[in-house]
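Chain by chain, the residues:
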Amino acid sequence: MRFDLIVTNASLPNGQTGMSVACKGGKITEIARCIDAEAQEVIDAQGYLLSPPLIDPHFHMDATLSLGTPRMNVSGTLLEGIALWGELKPVQSVEQIMERALRYCDLAVSMGIGAIRTHVDICDDELKGVDALLEVRRKVAPYLDLQLVAFPQDGVLRDPSALENLTRALDRGVDVVGGIPHFERTMQDGAQSVRILCEIAEKRGLMVDMHCDESDDPHSRHVETLASETMRLGLQGRVTGSHLTSMHSMDNYYVSKLIPLIAEAGLHALPNPLINIMLQGRHDTYPKRRGQTRIPELRDAGVNVGFGQDCVMDPWYSLGTADMLDVALMGLHVGQLSSRADMRWCFDAVTENSARIMGLENYGLKAGSDANFILLQAQDPIDAIRLRANRLYVVRRGRIIARNSPRACTLHLPNRPDSLDPAQYAPKTVATRPAAS
Ligand code: FE2
């Protein structure tokens, strides 16, 4: 058989080395140590790491790349960010949102992102963000999976037209039901918003992803309601709690009851390390809380935990490069996930775990999956995070859609090598997991 593409001499995330991957008709057809066949295109991986695409399961594409429009967030605070978004939302056009979103998608592809779940603010009676991102979803579909969340930024109960707008957005084809219970006026309103939104999702057969307890309030209790509503309505496996930062500050006894409840409900947990290390703990003097949810405890209880990016160059966050390995590096540091196994797990958090959050089908390096993968200039998953490794190739459905030149430095030093590849600094004993059978 003549294949469309064969990748040779690749290291895989499961620790296998010297592997070949053959693709035909947009699918991975075979993974083996040696595939002796013809192919239209051959990539010599030179021992570098071949991985499924990076996944960003939490983003705000209707605001991305708007930094400086209509003015800068000078203080760098959440409050000025909220004020700025309030100024930008009424004056931006559908075309401007689309143009920024498409530019961002170019950047995301160049950084090896294969799928993005983006929230879209529906607290705008014209639904400009919805119309723009539905069109962007259609345009990028050949090279990027985009999933849209109807997000009532100003509170589905607090904003008088939000519930109707949310329904209109879902009618137009938005994929997922969002919410922000901690932003409602009272704890009771927050709980009520969770009930209403989960019922809408249940009736329509949709997934749920809520900004939940994104505060330093140790008494915020909305993830508890989200878990109980998930079970009441039979939504197990389809609901995600995003941010969950208040869990950082909660009483330990209460958390010892909460985490098993989250696990029982099959909730996915989705911290956003870059934005939350920046925004949380702002009312503290010293010590300052980190405001990252309890990642290892959730994971060890059997909860699926991914990492999201949340923002790139928008009113709330002025930095960001669409680099999910940057996100993993921050999550690793803030969570003190420094054992070999924990660092290795952080790579799963931006690949497999986040793909599960989005419910992506045909994801992963196995025969029969979509031929979507990236070649990282790194030896193994931990080194990929350490280096925030260069994406040498990005492949979608068996076709190369982006390439980056190898990162190398020419040295001019006495009695030293004349060039340097940062990926050759990996330890000789690489991090491995047992090979999948
Ligand atoms: Fe968010």
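What you see is a predicted model; the values in this text were computed from it and never measured.

Participant: Just give me the short version of the pairing of strand β14 (residues 373-376), but keep the residues and values in it.
Facilitator: Judged by which residues are buried, β14 turns out to be covered on both faces: Phe 373 and Leu 375 on one side and Ile 374 and Leu 376 on the other are all buried. Sheet topology places strand β5 (residues 49-51) next to β14; three bridges connect them, and they run antiparallel. Across the sheet, Leu 50 pairs through a bridge with Leu 375, a residue of β14.

Participant: Talk me through the packing of helix α5 (residues 187-204) against helix α6 (residues 222-232); I want residue IDs and the actual numbers.
Facilitator: To describe two helices that pack against each other, one gives the angle between their axes and the distance between the axes. Where α5 contacts α6, the two axes come as close as 10 Å, and the packing angle between them is 30°. When the axis of α5 is compared with that of α6, the two are roughly parallel. For the element pair α5 and α6, the recorded crossing hand is right-handed. Each of Met 187, Gly 190, Ala 191, Val 194, Arg 195, Cys 198 and Glu 199 in α5 lies in contact with α6, whose residues at this interface are His 222, Thr 225, Leu 226, Glu 229 and Arg 232.

Participant: Residues and numbers for the coordination of the iron ion, please.
Facilitator: Only His 58 (NE2), His 60 (NE2), His 211 (NE2) and Asp 310 (OD) from the protein coordinate the iron ion, and they sit 2.2 to 2.3 Å from it. Taken together, the four donor atoms coordinating the iron ion and their angles of 84 to 175° define a geometry best described as irregular. Sequence positions of the residues that donate to the iron ion give the spacing H-x1-H-x150-H-x98-D. A residue pair is termed long-range when its members are at least 10 positions apart, and His 211 in strand β10 (residues 207-212) and Asp 310 in the loop between β13 (304-305) and α10 (324-334) qualify at 99 residues. Pair check on accessibility: His 211 and Asp 310 agree, each one buried.

Participant: Before we move on, could you go through helix α1 (residues 78-91) and cite the residues and values that matter?
Facilitator: Along its 14 residues, α1 runs 21 Å from first to last C-alpha, staying within 8% of the 20 Å computed at 1.5 Å per residue. For α1, the full list of buried residues reads Glu 80, Gly 81, Leu 84, Trp 85, Leu 88 and Lys 89. Along the long axis of α1, the arc covered by the buried residues comes to 165°, so they all point the same way. Exposed residues lying more than 90 degrees from the buried face of α1 are Leu 79 and Pro 90. Tucked into the core, α1 has its buried residues touching β7 (113-121) and α3 (128-140).

Participant: Can you lay out unusual backbone geometry for me, pointing to particular residues and giving the numbers?
Facilitator: The omega torsion across Thr 69 and Pro 70 is -5°, close enough to zero to call that bond cis. Of note, the bond from Tyr 286 into Pro 287 is cis; its omega dihedral lies within 30 degrees of zero at 0°. Locating Pro 287 in the fold gives a position in the loop between α8 (273-279) and α9 (295-300). Despite not being glycine, Asp 213 shows a phi value in the positive range, around 55°.

Participant: I'd like to hear about the side chain of Ser 354, residue by residue, with values.
Facilitator: Within the element layout of this structure, Ser 354 appears in helix α12 (residues 352-358). For Ser 354, a relative accessible area of 0% translates into the label buried. Sequence-distant contacts of Ser 354, defined by excluding residues within four places in its chain, comprise Ile 55, Pro 57, Gly 306, Phe 307, Asp 348 and Ala 349.

Participant: Which residues make up a nonpolar patch on the surface, and what values do they have?
Facilitator: Nonpolar side chains collect at one region of the surface, where Leu 78, Leu 79 and Ile 82 lie side by side and expose about 300 Å² of accessible area between them. Mapped onto the elements of the fold, Ile 82 is located in helix α1.

Participant: Any chance you could break down the environment of Trp 85 for me, citing the residues and the numbers?
Facilitator: By secondary structure assignment, the location of Trp 85 is in helix α1. For Trp 85, a relative accessible area of 5% translates into the label buried. Through-space distance from the C-alpha of Trp 85 to that of Asp 314 is 8.7 Å; in sequence the pair is 229 residues apart. With residues near it in sequence (within four places) discarded, Trp 85 still touches Asp 62, Ala 63, Gln 92, Asp 121, Gln 153, Pro 315 and Trp 316. Only 3.0 Å separates the side chain of Trp 85 from the side chain of Asp 121, close enough to count as a polar contact.

Reading guide: rules and limits
- Residues numbered from 1 in each chain as written.
- Predicted model: local features only at pLDDT ≥ 70, side-chain atom pairs only at ≥ 80, totals over all residues.
- Heavy atoms only, no water.
- Buried < 20%, exposed > 50% of the residue type's maximum accessible area, 1.4 Å probe, protein only.
- Helix = DSSP H or I, 4+ residues; strand = E, 2+ residues; numbered from the N terminus.
- Pairing = 2+ DSSP bridges.
- Axes fitted to C-alpha atoms, helices over the stretch in contact; angles between N-to-C directions.
- Parallel < 35°, antiparallel > 145°, perpendicular 65-115°, else oblique.
- Left-handed = near helix turned anticlockwise from the far one by under 90°.
- Contact = heavy atoms within 4.5 Å.
- Donors = N, O, S within 2.8 Å, 3.2 Å for Na, K, Ca; no water.
- Tetrahedral: all angles 85-135°; square planar, octahedral: opposite > 155°, others 65-115°.
- Expected span 1.5 Å × (residues − 1).
- Arc of directions from axis to C-beta.
- Patch = residues over 30% accessible without salt bridge, like charges linked within 9 Å, V, L, I, M, F, W, Y side chains within 5 Å.
- Areas by Shrake-Rupley, 256 points an atom, 1.4 Å probe, with all protein chains shown as cover.
- Salt bridge = Lys/Arg side-chain N within 4 Å of Asp/Glu carboxyl O.
- Polar contact = N/O pair within 3.5 Å; in protein donor to acceptor, adjacent residues only side chain to side chain.

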